[in-house]
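Chain by chain, the residues:
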Amino acid sequence: QVQLVESGGGLVQAGGSLRLSCAASGRASSYTTGWFRQAPGKEREFVAAISWSGGTTNYADSKKGRFIISRDNDKNMVYLQMNSLKPEDTAVYYCAAVEAPTDWVSNRKLEYDYWGQGTQVTVSS
């Protein structure tokens, strides 16, 4: 069982940056963590994922080069650094986790068992 709490969302102008944080708690030996987002009227979509070891990452094509996912297992934290933000990045961002082998990642939301409540990111033009 893993509990997740996101923070760091807010309002930012286009071209700006935000860093989202995901605090994890609970009992799990290793878990992959992903970030997903959902804009109003749209499906929840994959943003990025990172393996337990941190050695494997996966990004949605449109996020490569702008977003960076990282983790600090000593602090039970996962981060999403978002740069060069665009109005189309406006969405609720969710942290998700699944117990998995140390170097496994997935971009499929159905693979993830645990979800946070989400944090709103709004990018103004």
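Quick caveat: nothing in here was measured; it's all calculated off a predicted structure. (Residues numbered from 1 in each chain as written. Predicted model: local features only at pLDDT ≥ 70, side-chain atom pairs only at ≥ 80, totals over all residues. Heavy atoms only, no water.)

Engineer: Honestly, the overall build of the protein chain in this entry has me stumped. Any pointers?
Structural biologist: A tally of helices and strands in the protein chain yields zero helices and 11 strands. At 13 Å, the protein chain has a C-alpha radius of gyration in line with the 14 Å of a compact globule built from 125 residues. Burial statistics for the protein chain: of 125 residues in total, 44% are counted as buried. For the protein chain, contacts bridging at least 24 residues in sequence account for 60% of all contacts bridging at least 6. Surface accessibility of the protein chain: about 6,300 Å² in total, with carbon and sulfur atoms responsible for 45%. Here the protein chain carries 13 positive and 12 negative side-chain charges, and the mean point of each set is 4 Å from the other. (Helix = DSSP H or I, 4+ residues; strand = E, 2+ residues; numbered from the N terminus. Rg over C-alpha atoms; globule rule 2.2 N^0.38 Å. Buried < 20%, exposed > 50% of the residue type's maximum accessible area, 1.4 Å probe, protein only. Contact = heavy atoms within 4.5 Å. Areas by Shrake-Rupley, 256 points an atom, 1.4 Å probe, with all protein chains shown as cover. Lys, Arg positive; Asp, Glu negative; His and termini not counted. Charge placed at Lys NZ, Arg CZ, Asp CG, Glu CD.)

Engineer: Whenever I open this one, unusual backbone geometry confuses me. Can you help?
Structural biologist: Among all residues except glycine, the phi angle is most often negative; among peptide bonds, the trans geometry is most common. Although it is not a glycine, asparagine 76 adopts a positive phi angle of roughly 55 degrees. Assignment of secondary structure puts asparagine 76 in the loop between strand E7 (67-72) and strand E8 (77-82). Unusually for a residue other than glycine, serine 84 sits at a positive phi of about 50 degrees. On the secondary structure map, serine 84 appears in the loop between E8 and strand E9 (91-99).

Engineer: Would you explain the side chain of threonine 32 in this entry?
Structural biologist: Mapped onto the elements, threonine 32 comes out in strand E4 (residues 31-38). Reaching out from threonine 32, the side chain makes a polar contact with the backbone oxygen of tryptophan 104 at a distance of 2.5 Å. Apart from residues no more than four positions distant in its own chain, threonine 32 is found in contact with Ile50, Ser51, Trp52, Arg71, Ala96, Ala97, Val98, Ala100, Pro101, Trp104, Val105 and Tyr112. (Polar contact = N/O pair within 3.5 Å; in protein donor to acceptor, adjacent residues only side chain to side chain.)

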